[in-house]
Structure formats: structure tokens, C-alpha cells
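Overview (structure and organization)
Read off the chains here:
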Amino acid sequence: MIETRALRKSFRSRAGRQTKTVDAVRGVNLQVAEGEIFGFLGPNGAGKTTTLRMLATLIEPDGGEATIAGADLRKDPAEVRRRIGYVAQGGSTWDESTAREELVLHARMYGIGKADAHRRAARALDAFQLTEYADRKCKTYSGGQRRRVEIALGIIHEPKIVFLDEPTTGLDPQSRAHMWDEIRRLRTEGMTVFITTHYLDEADALCDRIAIMDHGEVVAEGTPAELKREISGDVVLVGLDLDTTPQAAQLLDGEEYVTKLETIDEGGVRLHVEEGATAIPQLLRRLDAAGLALTSIELHRPSLDDVFLTKTGRSLRES
Ligand SMILES: Nc1ncnc2c1ncn2[C@@H]1O[C@H](COP(=O)(O)OP(=O)(O)OP(=O)(O)O)[C@@H](O)[C@H]1O
Ligand SMILES: [Mg+2]
């Protein structure tokens, strides 16, 4: 459904007399299959929105090519636009109209007949649990209600692909879970869903496949399980006071069961070990013998954050 080849985009901005160039997207190659929920995971400024805006024909790439739902992005952007839905990160509802009005208008803009547009609007309002507020002005909605209207707007014309830029940012946990269900429902209807997120749990639970993006480049791609499998061994987090951290790090760094050690800024160390269950008793004995008290200990299987850390040297949680 989506294929991109060496897609790139730079921005030039002027600060006083100087012009600065930001390489927002540097040669992105992606393949997204029909009916997939594909996730773009990355920190602020990674280039997620810029990529999405190029794929949605809102800005022109500086280089590279893409085919979207069978249409060529460079040669036939109008056709691409007809086949996709796009929901911006900042949203796009109008304060003074009601959700129902917006939905009907949107459907009509795609050439859908009046009766059908009303039917679709009613169905979308119901699916996104908005019926109760449907005839109130959008400016009176809560952030979460408004986000739901925006997503409903993006799919009212039943596109083959929908691009959702951070669909769940700002939603409470319950609305978020409900949004996930809605997105899964779109998939069962055969839609291809492309989302961006910086929530690790969202990428893990919702997406069939993900691409991890950092500084304009895709640094890893695969199913969440595949990506996590690339990281062998377990991770043990040892909580320590700030002043005992250096000593403990030095002590544990030499241990044969530790494959990699990083200190944590707030105090403590993160240890990569072959097997947590056998490493923990040994490292506890070692710390105890040196008279170093620990504040907590956690064992965890590789997470997407560990994948991000391995690929970029930083934790997504921290960046
Ligand atoms: N119109 C623009 N002019 C100048 N720089 C821009 C423009 N749009 C984006 N950028 C820069 O390009 C880089 C990528 O931005 P982008 O919005 O794609 O990131 P993002 O991954 O969506 O981040 P976030 O998670 O914060 O939404 C950033 O450094 C940003 O400042
Ligand atoms: Mg963004």
C-alpha cells in the first residue's frame, strides 16, 4: 500500500542573517502492506510528521519517490489525495461548527451524496462515542472528544489508507484504550493505518509493524516481537544513590555475566546480562560484600525502549 524510496526533505530557516538547514528526513525507505497498522516511533523532531506530510501530499519531497495505494506521489498527487485520509498532529476542527456538521461537510467534499453523508456521520459519531455531543459546537469539547472528531473526519470518506499523526496524544488512559479499539476496527474493515507515536506501549500493543525513526532516518524496522528478539539477554536495573553509583558501576563492569553496563542519570545502573535469574544473586552478593546498599532492583525482558537504546545510544523515555 505504501512504498517509499530514498524520500527526503530539508528545511531552510532564517535566524537573523544566518540560514540554517535542517535535514528533517534523510532517505527513508518504507514498505507497508495492505491492512497493516504501521507505526512510526521516534522522539520529538525525529521527522515523523514531515514524512507523513510528504506522503499525504501536503509538502513536496526534495528527493526520492513513493507509491501510495497504487498512485505515484510525484506524478499523480491528486489521485493519492483521493485515496488517503490524513489527521494532523494539531487537529483541524473548526470551533464554531458541530461534530455532525463537520463530518457531513467533509463527506460532501469527497463527493458523497447528502443522505449518505448524514448516514456516515451518524455511524462515525456512534463508533467514536460522540453521539451525545454531536450537535454542540466543537469549541465546547474536551481535548479527547475533539481528537475523536478529528479521527472520524479523517476516515469519513472510507479511504484505503489513513495517516494518523499522534492519534492518542492528550487522551486519558480510557479514551486511549478506546481509540486503540477503533483503530483495530479500521484494520478489520481492510483499511491500512499509518500512525506516529512516541508511546512505546502503543507501538508495542497496537502496531503490526513499526519503524523506529531518529534524526530523520529509520534506524530499525520490523514487528515489535522481531525487534525485541534482536536484543539478546535480559536487562537488570539496579537502583542506587547518586553517590554510590560510580563505585557500583566500577565494581559490576568487570563481572563476567555483565555484557554491557550503563549508568542512569538519576542514580543506579542498567545491566545487560545473558540471564537475569542467575545474574541477580551474583550481583547482589557483590554489592553486599562491598557494603553498597541498593534502593531497588528490576528485571526486565527487552522492550522497544531497549531496541531504541541499542540503535541510538539514548533511551526514548529520556529523549
Ligand atoms: N516548516 C519547517 N521549517 C523548518 N524546520 C522544520 C519545519 N517543519 C519541521 N521542521 C524541523 O524538522 C525536524 C523534524 O520535524 P517533525 O515535525 O517531522 O518531527 P516529529 O518526529 O514529528 O516530532 P514530534 O514528535 O515532536 O511531533 C525538526 O527538527 C523540526 O524542527
Ligand atoms: Mg510530529
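About the criteria used
- Position labels on residues start from 1 in each chain and follow its written sequence.
- Chain labels run from A onward and ligand labels from 1 onward, assigned in the order the entries are written.
- A pLDDT threshold of at least 70 governs which residues receive local features in this predicted model, and a stricter bar of 80 or more applies before side-chain atom pairs are shown or counted, although totals over entire chains, interfaces and linings include all residues.
- As a convention, hydrogens and water are excluded, and side-chain values are obtained from all of the structure's heavy atoms.
- UniProt positions are given in the numbering used here, feature names are shortened, and annotations may be inferred rather than shown by experiment.
- Per the convention used, a helix needs a DSSP run of H or I reaching at least four residues, while a strand needs a run of E reaching at least two, with both numbered from the N terminus.
- Buried, partly exposed and exposed residues are distinguished by accessible area as a fraction of the type maximum, computed with a 1.4 Å probe on protein chains only: under 20%, between the cut-offs, and over 50%, respectively.
- Pairs of residues are marked as contacts when any of their non-hydrogen atoms sit within 4.5 Å.
- Per-residue accessibility takes into account occlusion by the displayed protein chains alone, with areas from the Shrake-Rupley method and a 1.4 Å probe.
- In this tally, Asp and Glu contribute negative charge and Lys and Arg positive charge; neither His nor the terminal groups of the chain are included.
- We put the charge of a Lys on NZ, of an Arg on CZ, of an Asp on CG and of a Glu on CD.
- What counts as a ring pair is set by centres within 6.5 Å for rings of Phe, Tyr and Trp (its six-membered ring), and what kind of pair is set by the plane angle: stacked under 30 degrees, edge-to-face over 60, tilted for all other angles.
- Annotation comment: domain bounds sourced from an automatic or database domain assignment.
- By definition, two strands form a pair when at least two bridges between them are found by DSSP.

Under an unreviewed UniProt entry, the name given to the protein is ABC-2 type transport system ATP-binding protein, and the source organism is Micromonospora halophytica. Recorded in UniProt under Sequence similarities (unreviewed entry), the annotation for the protein is "Belongs to the ABC transporter superfamily. Drug exporter-1 (DrugE1) (TC 3.A.1.105) family."

Moving on, we come to the overall build of the protein. From N to C terminus, the protein includes 11 helices and 14 strands. Seen along its three principal axes, the alpha-carbon backbone of the protein occupies a region of about 80 × 45 × 45 Å. In the protein, which comprises 319 residues, the proportion classed as buried is 50%. The contacts of the protein with a sequence gap of at least 6 include a subset with a gap of at least 24, amounting to 67%. About 15,600 Å² of surface is accessible on the protein, with carbon and sulfur atoms providing 46% of the total. In the protein, which carries 43 positive and 51 negative side-chain charges, the distance between the mean positions of the two groups comes to 8 Å.

Structurally, the position occupied by Arg176 is in helix α6 (residues 173-188). Classification of Arg176 by relative accessible area gives buried; the value is 15%.

Let us look at the packing of aromatic side chains. In the structure shown here, the tally under the stated rule is four aromatic pairs. The rings of Phe38, Phe40, Phe163 and Phe194 are connected pair by pair, giving a single aromatic cluster.

Domain boundaries in the protein define domain 1 (2-93 + 141-225) and domain 2 (232-301). A straight line from the C-alpha centre of domain 1 to that of domain 2 covers 38 Å.

Let us look at the pairing of strand β10 (residues 217-222). Two strands pair when backbone bridges link them, and strand β9 (residues 209-214) and β10 are joined in this way by five bridges, in the antiparallel orientation. Across the sheet, the residue bridging to Ile212 is Ala220, located in β10. What sits between the antiparallel neighbours β9 and β10 is a turn of two residues, in which His215 has the positive phi angle 50°.

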